[in-house]
Amino acid sequence: MTLGALYIVSTPIGNPDDISARALRVLTEADVIVCEELREGERLLKRYGVNKSPVDLNEHNEQSRTPELIAELQAGKALALISDAGTPLFYDPGRLLVDEAYRIGAHVTAVPGASSLMVALVLSGLPINQFRFVGMLPVKREERRKAIANLQSEKLTCVLLDAPYRLSAVLNDLADVLGRERRVAVACDLTMPTEFVARGTLGTVVERFRQQPFKGEYVILIEGAK
């Protein structure tokens, strides 16, 4: 029996031109395309003329859907895993699928491409020869501030992600806990015509977004402690 292959495919984070020729070929040739949300997956495939109906894999069905997808791999099928945008598996479902694919001995490979994490790092102007990916902070304010306090003495540039509607709350907590003089970069609407990076001290960046609120996608990068 020949096992199938699982392709972890990066898709654009904003600018539709950022899809690779290899990604388009894999999506076109795959037997099954696995996405996070059907609406987003269908929209992406339609944009690039890939005439296929994706299968959803998300936090609601990951436990039940994964065995079905593993059965497809065992039948020799090629699966392409995509997220709503960018590189899959950063806070997206799919880790269980990857783990199970390795367990059965299927071929697992990645088709690299756009990543908000990488784009934000190179645009930040902060040291990035080493960095710490912190990811999402806790939603509750008290827990969030405790998590930020744990970064107080971190000497590496830290990278944070969060929901669009929490930007102001997160920045204010960062300024209160780390001090208003700590340098920060907030990379917004990456790869889009509206892209911009707000750089400066936490104090000045907090004030900038107070005067000009922003509700889109962003990545926060914090300079390490001196």
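Residues numbered from 1 in each chain as written. Predicted model: local features only at pLDDT ≥ 70, side-chain atom pairs only at ≥ 80, totals over all residues. Heavy atoms only, no water.

### Examining the overall build of the chain
Then comes step 1: Counting secondary structure elements, the chain contains eight helices and ten strands.
Then comes step 2: The principal-axis extents of the C-alpha atoms in the chain amount to approximately 60 × 35 × 30 Å.
Then comes step 3: Per-residue burial over the chain gives 47% buried out of 226 residues.
Then comes step 4: About 11600 Å² of surface is accessible on the chain, with carbon and sulfur atoms providing 50% of the total.
Then comes step 5: The centroid of the 27 positive side-chain charges in the chain is displaced by 6 Å from the centroid of its 29 negative side-chain charges. (Helix = DSSP H or I, 4+ residues; strand = E, 2+ residues; numbered from the N terminus. Buried < 20%, exposed > 50% of the residue type's maximum accessible area, 1.4 Å probe, protein only. Areas by Shrake-Rupley, 256 points an atom, 1.4 Å probe, with all protein chains shown as cover. Lys, Arg positive; Asp, Glu negative; His and termini not counted. Charge placed at Lys NZ, Arg CZ, Asp CG, Glu CD.)

### Section: a nonpolar patch on the surface
Then comes step 1: On the surface, Phe-90, Tyr-91, Met-118, Val-122, Leu-123, Ile-128, Phe-131, Phe-133 and Met-136 cluster together into a nonpolar patch covering about 780 Å² of accessible area.
Then comes step 2: Secondary structure elements with two or more residues in the nonpolar patch: helix H5 (116-124) and strand S6 (131-136).
Then comes step 3: Within the secondary structure layout, Ile-128 lies in the loop between H5 and S6. (Patch = residues over 30% accessible without salt bridge, like charges linked within 9 Å, V, L, I, M, F, W, Y side chains within 5 Å. Salt bridge = Lys/Arg side-chain N within 4 Å of Asp/Glu carboxyl O.)

### Thoughts on the environment of Val-34
Then comes step 1: You can see Val-34 is positioned in strand S2 (residues 32-35).
Then comes step 2: Overall, the relative accessible area of 0% leaves Val-34 in the buried class.
Then comes step 3: Once residues lying within four places of it in the same chain are set aside, the contact partners of Val-34 are Val-55, Leu-57, Leu-69, Leu-79, Ala-80, Leu-81 and Ile-82. (Contact = heavy atoms within 4.5 Å.)

### A short note on the pairing of strand S1 (residues 5-9)
Two faces make up the sheet, and in a regular strand the side chains alternate between them.
Then comes step 1: Of all five residues in S1, four are buried; the element is thus mostly enclosed.
Then comes step 2: Alignment of S1 against strand S4 (residues 78-81), held across four bridges, turns out to be parallel. Pairing of Leu-6 across the sheet is with Leu-79, part of S4. (Pairing = 2+ DSSP bridges.)

### A short note on the packing of helix H7 (residues 167-178) against helix H8 (residues 202-211)
Then comes step 1: It is at 10 Å that the axes of H7 and H8 come closest, and there the two elements cross at 155°. As far as their axial angle goes, H8 and H7 are roughly antiparallel. The crossing of H7 and H8 is left-handed. Counting all contacts with H7, which are made through Leu-167, Leu-171, Asn-172, Leu-174, Ala-175 and Leu-178, the residues of H8 involved are Leu-202, Val-205, Val-206 and Phe-209.
Then comes step 2: Split by residue class, the contact of H7 with H8 holds nine nonpolar, one polar and no charged. (Axes fitted to C-alpha atoms, helices over the stretch in contact; angles between N-to-C directions. Parallel < 35°, antiparallel > 145°, perpendicular 65-115°, else oblique. Left-handed = near helix turned anticlockwise from the far one by under 90°. Nonpolar A, V, L, I, M, F, W, Y, C, P; charged D, E, K, R; others polar.)

### Description of the state of the cysteines
Then comes step 1: In the structure shown here, the tally under the stated rule is zero disulfides.
Then comes step 2: Not part of a disulfide, Cys-188 finds its nearest cysteine sulfur in Cys-158, a span of 18 Å. (Disulfide = S-S within 2.5 Å.)

### Overview of the packing of aromatic side chains
Then comes step 1: Going through the model one piece at a time under the given rule, you end up with four aromatic pairs.
Then comes step 2: Considering the side-chain rings of Phe-90 and Phe-133, the 5.6 Å spacing of their centres and the 85° angle between planes classify their relative orientation as edge-to-face. Taken together, the residues Phe-90 in the loop between S4 and helix H4 (95-104) and Phe-133 in strand S6 connect sequence positions 43 residues apart.
Then comes step 3: According to the relative accessible area criterion, Phe-90 is partly exposed, its value standing at 37%.
Then comes step 4: Given the relative accessible area of 30%, Phe-133 is considered partly exposed.
Then comes step 5: Taking 6.3 Å as the distance between ring centres and 35° as the angle between the ring planes, the aromatic pair formed by Phe-196 and Phe-209 counts as tilted. (Phe/Tyr/Trp six-rings, centres within 6.5 Å; stacked < 30°, edge-to-face > 60°.)

### With respect to the side chain of Arg-166
Then comes step 1: The residue Arg-166 is located in the loop between strand S7 (157-161) and H7 in this model.
Then comes step 2: A polar contact of 3.4 Å, which involves the side chain of Arg-166, links it to the side chain of Tyr-165.
Then comes step 3: Discounting chain neighbours no more than four positions away, the residues touching Arg-166 are Met-136, Val-139, Arg-144 and Tyr-218. (Polar contact = N/O pair within 3.5 Å; in protein donor to acceptor, adjacent residues only side chain to side chain.)

### Focus: the pairing of strand S8 (residues 183-188)
Then comes step 1: Counting buried positions along S8 yields five of six residues, so the element is predominantly enclosed.
Then comes step 2: In the sheet, S8 pairs with strand S9 (residues 196-201) via six bridges, with the strands oriented antiparallel. Paired with Val-186 across the two strands is Ala-198, which belongs to S9.

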